[in-house]
Amino acid sequence: MQPITRKLSIPLALGLATVVGLAAPTAEARPDRRGLQSDFLLGASGCIPGRAKCDADGEIAGKTGPHMGFGATLGFRPLKILMVGAAYNLGFFNPDYARAGADVYRIAYQNSVFGVVRAILPIWRIDLGLEIGPGWSRQTFRATDKTIFTKSHSQGFAMKMGPIVDIFLTKRFFIGAKVDFIFNFHNQVCTDNPDSTRVCVRTSENDQAAVHQVIGGLHLGSVF
């Protein structure tokens, strides 16, 4: 265990030293927290059970595993404690399902757009935020064998909520961590067939494309 711990501690120490080194030269520069703001999220994505589960053991058996996800927000901060704007998220899943021993899905992903309001508590160079907003999302599970069906998908109203912790390294640039919880309220799941027909049914626990999603990781941006 000691060699593994040593290997992990070296890059962690280097990363901490880099952050401290970036912040030190501008320690006297007070953060400018008002104006236009853009920020980005890069990290991992995961499945949250919704009207469907994140696993199945019926005719189609398997689980909806984690993958990677992204996010971008553009907004305006009229006050230090408030930002309003628009956000986009793209999160992938790793669907590992089989039917009669054959893979069912080759990839799954979700596109989401939101209008957001972010409440912020500024403490020294740190921003503690909570973001919430309504929007729209589309979730797609693409089939491996397209002779049976091409894809399953759902779309409709969604809500996003996410906590944020940032620290300003310069007067306008910040870095931190963010988690986006995306809750989907889709009424039906549609299946596209090879003959270009589409069959839509009400969502149920047997539909993989009826789950929620979480995306969390590195958060960075700037006020300008």
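Residues numbered from 1 in each chain as written. Predicted model: local features only at pLDDT ≥ 70, side-chain atom pairs only at ≥ 80, totals over all residues. Heavy atoms only, no water.

Caption draft 1: Local environment of empty space enclosed by the protein. In this structure the tally under the stated criterion is 3 cavities of 30 Å³ or more. Taken as a whole, the largest cavity encloses approximately 40 Å³ of empty space. In this structure, the largest cavity is lined by Gln37, Arg77, Arg118, Ile120, Asp127, Gly129, Ile164 and Asp166. Elements represented by at least two residues in the lining of the largest cavity include exactly strand S7 (105–123), strand S8 (126–143) and strand S9 (151–168). Broken down by class, the residue content of the lining of the largest cavity amounts to 2 nonpolar, 2 polar and 4 charged. (1 Å grid on protein atoms, 1.4 Å probe; cavity = no way out; pocket = protein on both sides within 12 Å on 5 of 7 lines; lining within 4 Å. Points joined across faces, edges and corners; volume = space filled by probe spheres on them. Helix = DSSP H or I, 4+ residues; strand = E, 2+ residues; numbered from the N terminus. Nonpolar A, V, L, I, M, F, W, Y, C, P; charged D, E, K, R; others polar.)

Caption draft 2: Just the state of the cysteines, in detail. For the structure shown, the criterion picks out 2 disulfides. Paired through a disulfide, cysteine 47 and cysteine 54 show a sulfur-sulfur distance of 2.1 Å. Measuring handedness by torsion sign, the sulfur bridge of cysteine 47 and cysteine 54 sits at about -85 degrees and is left-handed. Judged on exposure class, the residue cysteine 47 and its partner cysteine 54 are both buried. Disulfide pairing is shown between cysteine 190 and cysteine 200; the S-S distance is 2.0 Å. Residues cysteine 190 and cysteine 200 are joined by a disulfide whose S-S torsion is about 105 degrees; by sign, that bridge is right-handed. Here the residue cysteine 190 occupies a position in strand S11 (residues 188–192), and cysteine 200 occupies one in strand S12 (residues 198–202), the gap between them amounting to 10 residues. Since its relative accessible area comes to 34%, cysteine 200 is described here as partly exposed. Across the chain, the way the bonded cysteines pair up, counted in sequence order, is 1-2, 3-4. (Disulfide = S-S within 2.5 Å. Buried < 20%, exposed > 50% of the residue type's maximum accessible area, 1.4 Å probe, protein only.)

Caption draft 3: Layout of the pattern of salt bridges. Taken as a whole and judged by the stated rule, the model has 11 salt bridges. A salt bridge links arginine 172 to aspartate 32, with the shortest nitrogen-to-oxygen separation between them at 2.9 Å. Here the residue arginine 172 occupies a position in the loop between S9 and strand S10 (173–185), and aspartate 32 occupies one in the loop between helix H1 (2–23) and strand S1 (35–48), the gap between them amounting to 140 residues. Across the pair glutamate 131 and lysine 160 runs a salt bridge whose closest N-O atoms are separated by 3.2 Å. Taken as a pair, glutamate 131 in strand S8 and lysine 160 in strand S9 lie far apart in primary sequence, 29 residues in all. For the residue pair glutamate 131 and lysine 160, the accessibility class agrees, reading buried in each case. (Salt bridge = Lys/Arg side-chain N within 4 Å of Asp/Glu carboxyl O.)

Caption draft 4: Structural detail: the environment of isoleucine 48. Looking at where isoleucine 48 falls in the secondary structure, it is placed in strand S1. Remark: the alpha-carbon pair of isoleucine 48 and phenylalanine 181, spanning 133 residues in sequence, is separated by 8.8 Å. When sequence neighbours within four positions are dropped, the list of residues in contact with isoleucine 48 reads Cys54, Phe181, Val211, His212, Gln213 and Val214. (Contact = heavy atoms within 4.5 Å.)

Caption draft 5: Looking closely at unusual backbone geometry. One non-glycine residue, tryptophan 124, adopts positive backbone phi at about 55 degrees. The class for tryptophan 124 is exposed, based on a relative accessible area of 64%. The phi dihedral of serine 196 is positive, around 75 degrees, even though this residue is not glycine. Topologically, serine 196 is positioned in the loop between S11 and S12.

Functional significance is not addressed by these values, which are geometric in nature.
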